[in-house]
Amino acid sequence: MQRRYDLDWVRVCAFGVLVLYHVGMYYVTWDWHVKSPNASHALEPFMVLTAPWRLSLLFLVSGAATAFMFGKTDARAGAGASRLRLLGSRSWFLLVPLVFGMVVVVTPQSYYEVVEQLPGGYHHGYLTFWGQYLSGYEGFCDADGCLRVPTWNHLWFVAYLWVYTVVIWLLWSLAPGALRAMGRGLERMLSGYGALIWPAVLLAVLRVTLSGRFESTHALVDDWYNHAQYGAVFLLGFLLARAESFWNALARLRWTALILWLASWAGLIAYFVTYYADGEPLPALRLVMRALWGVNQWCAIYAVLGFARHWNPGDNRALRYLVPAVFPVYILHQTIIVVAAHNLKPLGFAPLVEGPLLVVMTFALAFFLYEVIRRMTWVRPLFGLKMHLPSEVTPLPSSLVKVSPTTAASPPPASR
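Predicted model, so just to flag it, every value in this text is computed and none were measured. (Residues numbered from 1 in each chain as written. Predicted model: local features only at pLDDT ≥ 70, side-chain atom pairs only at ≥ 80, totals over all residues. Heavy atoms only, no water.)

**Student:** Just checking my understanding: could you explain the confidence of the model for the protein chain for this structure?
**Tutor:** Detailed reading of the predicted coordinates is not advisable wherever pLDDT is low. Looking at the protein chain, the pLDDT average stands at 90 and 90% of residues meet or exceed 70. In this model, residues 396-416 is a region of pLDDT below 50 whose contacts with residues beyond four sequence positions or in other chains number 74 contacts. (pLDDT = per-residue confidence, 0-100. Contact = heavy atoms within 4.5 Å.)

This is the structure in C-alpha cells:
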C-alpha cells in the first residue's frame, strides 16, 4: 500500500499554520488565555482566512490516516485480534499524551490566564496554583464565569480524535459491509463537481442550523455543532481515503475551489467589517454569513487537498523528520506561546517585532524540546512517540536532558 506523502505534507503544513494562528490569538480581540496590550481588529481578517477550515482539514486527514491503518490491519492474519490491538495502540498513542498534557503541559496556560485575568490578580506561586489546579479548585472566577480545572485546552483535538476513532472502530468491527457500501455511495456522489458541491452544502447546513444553538465549548459532552462538522469530515476522510475518483476530482477543480474560497473569505470579511461598524447584524444576514462560512470551510479544504494531490510531493529527509515531530510540537506549542508572550510583555516590544519573535521562539523551543524528548525512552510515549529509539537517534548526554517541557494552547474563535 503506497503511502500518501501529499497528505503527510498537508498535515505537517496545517500544524505549522496552527502555530501561527495561536500566536495571532494573542494580538486579536477574541478571548484567549493571555492578551497583548496592543490587541486590536487589525489581524482578524487574516485569522478568518484560516479559522473556518484549519481543524476540519486536520480531522479529514486524520480520518484518511485511520482508514489506511485499519486497512493494514485487515490485511494481516487474525484480523479480529489485530483489530483489538490496533484500538489499544491508538488509545495508548492518544490518551497517554492527553492525560500527561492535562496534568503537566497545559497547566502554565491556566496559571498565566489566572495571573492576567483574575480580578485582583493571583499572588501565589506556580506550585500552589498547580495543587489547586489538580484538585479541581472552583474559585478562579470573574464576571464571565469560572475557569474549570483541570482542563485540556488545545489538547481537546486529541480527545475528540480518540472518540471519533473509537466510534469508527466499532462501526468497522460490527458493520464493515455497511461502511463499505457507504463509501461506494459517497464515491459515486462525490465525483466531478459533486466533490465540490455536496460537502459544501452539508457544512453550510450544519453551520446554519446548529452553530447558533450550540456554542463551541470543546468540552466534548455539549459541543454538538463541532461534533457534527468534525465528525462528518473525519468520516468523509475515512470512507474516501482510497477513492481515486474523489481525489482526482480535487486535483481537477482545485483552481475553482481556490477562487470560491477567496471570494467567500472576502464576503466574510465584508460581513465582519459591517458588524464591527454598525453593531448587531440583521438575523437574515447572519444566516447568510453562516452559510458562507460553510462554503468557505469546504472550498479551502478542497483547494488545499487538490493542490497537494496535483503537486504530489514525495518523500524526503525533511518529511521523515517532520512527520513524527508534528504531534510533540503540537502538544508543546501553545504553552510555549502563552509563557513567552506573558514574559515578553514587560519589555514593551511593538507587535511587528514581538509577533515574529514569538513565532521564532515557539518553533525553536518546540523543536529543541522534541530533540530532547525523542532521545529519552521513557518520555517518548508521553508525547505520542513509540517507546523504542529510532536507530538514527543518538541519546543526548545526561546533562542536557534535565529539561522541564512547557507548552501552549488556543481555542479557535467562536464566530457569530
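**Student:** What should I look at first to understand the packing of aromatic side chains in this one?
**Tutor:** What characterises a pair of aromatic rings is the spacing of the ring centres plus the angle enclosed by the ring planes. Counted by the stated rule, this structure contains 36 aromatic pairs. Judged by centre distance (5.0 Å) and plane angle (80°), the ring pair of tryptophan 156 and tyrosine 160 falls under edge-to-face. In this pair, tryptophan 156 and tyrosine 160 both sit in helix α7 (residues 156-174), 4 residues apart, roughly one turn of the helix. Looking at tyrosine 160, the relative accessible area reads 0%, which means it is buried. With a centroid separation of 5.0 Å and an interplanar angle of 85°, the aromatic rings of tryptophan 255 and phenylalanine 307 are classed as edge-to-face. Remark: phenylalanine 307 occurs in helix α13 (residues 283-311) and tryptophan 255 occurs in helix α12 (residues 254-278); sequence separation between them is 52 residues. Judged by its relative accessible area of 10%, phenylalanine 307 falls in the buried class. One aromatic cluster is present, formed by Phe15, Phe59, Phe93, Trp156, Phe157, Tyr160, Tyr164, Tyr230, Phe234, Phe327 and Tyr330 through successive ring pairs. (Phe/Tyr/Trp six-rings, centres within 6.5 Å; stacked < 30°, edge-to-face > 60°. Helix = DSSP H or I, 4+ residues; strand = E, 2+ residues; numbered from the N terminus. Buried < 20%, exposed > 50% of the residue type's maximum accessible area, 1.4 Å probe, protein only.)

**Student:** In this structure, what is going on with the packing of helix α1 (residues 5-25) against helix α14 (residues 317-344)? I would like to understand it.
**Tutor:** For any two helices packed against each other, one specifies the inter-axial angle together with the distance between the axes. Where α1 contacts α14, the axes come no closer than 10 Å and their chain directions differ by 20°. By the angle between their axes, α1 is roughly parallel relative to α14. The crossing of α1 and α14 is left-handed. When α1 is examined against α14, the residues Tyr5, Asp8, Trp9, Arg11, Val12, Phe15, Leu18, Val19, His22 and Val23 are found in contact with a partner set consisting of Ala318, Leu319, Leu322, Val323, Val326, Tyr330, His333, Gln334 and Ile337. (Axes fitted to C-alpha atoms, helices over the stretch in contact; angles between N-to-C directions. Parallel < 35°, antiparallel > 145°, perpendicular 65-115°, else oblique. Left-handed = near helix turned anticlockwise from the far one by under 90°.)

**Student:** Explain the side chain of histidine 227 here, please?
**Tutor:** Along the chain, histidine 227 turns up in helix α10 (residues 224-239). Here tyrosine 164 takes part through its side chain, which lies 2.8 Å from a polar atom of the side chain of histidine 227. In terms of polar contacts, histidine 227 uses its side chain to reach the backbone carbonyl oxygen of leucine 220, at 2.6 Å. When sequence neighbours within four positions are dropped, the list of residues in contact with histidine 227 reads Tyr160, Tyr164, Leu220 and Ala232. (Polar contact = N/O pair within 3.5 Å; in protein donor to acceptor, adjacent residues only side chain to side chain.)

**Student:** How should I be thinking about a nonpolar patch on the surface in this particular structure?
**Tutor:** A contiguous nonpolar patch, built from Met189, Tyr193, Ile197, Trp198, Val201 and Val205 and spanning about 590 Å² of accessible area, is present on the exposed surface. With 4 residues, the single largest contributor to the nonpolar patch is helix α9 (residues 194-210). Mapped onto the elements, methionine 189 comes out in helix α8 (residues 176-189). On the accessibility criterion, methionine 189 (45% relative accessible area) is partly exposed. (Patch = residues over 30% accessible without salt bridge, like charges linked within 9 Å, V, L, I, M, F, W, Y side chains within 5 Å. Areas by Shrake-Rupley, 256 points an atom, 1.4 Å probe, with all protein chains shown as cover. Salt bridge = Lys/Arg side-chain N within 4 Å of Asp/Glu carboxyl O.)

**Student:** What exactly am I supposed to notice about the state of the cysteines here?
**Tutor:** Counted according to the given criterion, the structure contains 1 disulfide. Put simply, cysteine 141 and cysteine 146 are joined by a disulfide, and their sulfur atoms are 1.9 Å apart. Residues cysteine 141 and cysteine 146 share a disulfide whose torsion about the S-S bond is about 100°; that sign makes it right-handed. Its relative accessible area of 27% is what places cysteine 141 among the partly exposed residues. According to the relative accessible area criterion, cysteine 146 is partly exposed, its value standing at 47%. (Disulfide = S-S within 2.5 Å.)

**Student:** Before we go on, may I ask you to explain the packing of α14 against helix α15 (residues 351-373) in this structure?
**Tutor:** Put simply, α14 and α15 touch, their axes get as near as 7 Å, and they point 130° apart. Taken together, α14 and α15 sit at an angle that is classed as oblique. In this structure, α14 meets α15 at a crossing whose hand is right-handed. Class assignment of the residues belonging to the contact of α14 with α15 gives a composition of 21 nonpolar, 2 polar and 2 charged. (Nonpolar A, V, L, I, M, F, W, Y, C, P; charged D, E, K, R; others polar.)

**Student:** Where do I start with α7 in this structure?
**Tutor:** Residues that lie three or four places apart on an α-helix share one face, since the helix turns once every 3.6 residues. In this model, α7 (19 residues) spans 27 Å end to end at C-alpha, consistent with the 27 Å of a helix rising 1.5 Å per residue. Listing the buried residues of α7 in full gives Trp156, Phe157, Val158, Ala159, Tyr160, Leu161, Tyr164, Thr165, Val166, Ile168, Trp169 and Trp172. (Expected span 1.5 Å × (residues − 1).)

**Student:** Explanation requested: the pattern of salt bridges in the structure shown.
**Tutor:** Note that side chains of opposite charge can pair when their charged atoms are close. In this structure the tally under the stated criterion is 7 salt bridges. A salt bridge links glutamate 371 to arginine 374; the nearest nitrogen and oxygen atoms lie 3.2 Å apart. Of the two residues, glutamate 371 and arginine 374, neither departs from the other in class, the shared state being buried. With a shortest N-O distance of 2.3 Å, arginine 375 and glutamate 371 are connected by a salt bridge.

**Student:** Looking at this structure, I do not really get the environment of leucine 155. What am I missing?
**Tutor:** Note that leucine 155 resides in the loop between β2 (145-146) and α7. Sequence separation between leucine 155 and leucine 98 is 57 residues, and the spatial gap between their C-alpha atoms is 6.6 Å.

**Student:** What exactly am I supposed to notice about unusual backbone geometry here?
**Tutor:** Most peptide bonds take the trans configuration, and most residues that are not glycine carry a negative phi. Cis geometry is adopted by the peptide bond preceding proline 150, which originates at valine 149 and carries an omega value of -5°. Mapped onto the fold, proline 150 is located in the loop between β2 and α7. Phi is positive for asparagine 153, which is not a glycine, with a value near 45°. Turning to its location among the elements, asparagine 153 is positioned in the loop between β2 and α7. The buried category is assigned to asparagine 153, whose relative accessible area is 14%. The phi angle at histidine 218 is positive, at roughly 55°, despite the residue not being glycine. The residue histidine 218 is located in the loop between α9 and α10 in this model. Assessed through its relative accessible area of 7%, histidine 218 is described here as buried.

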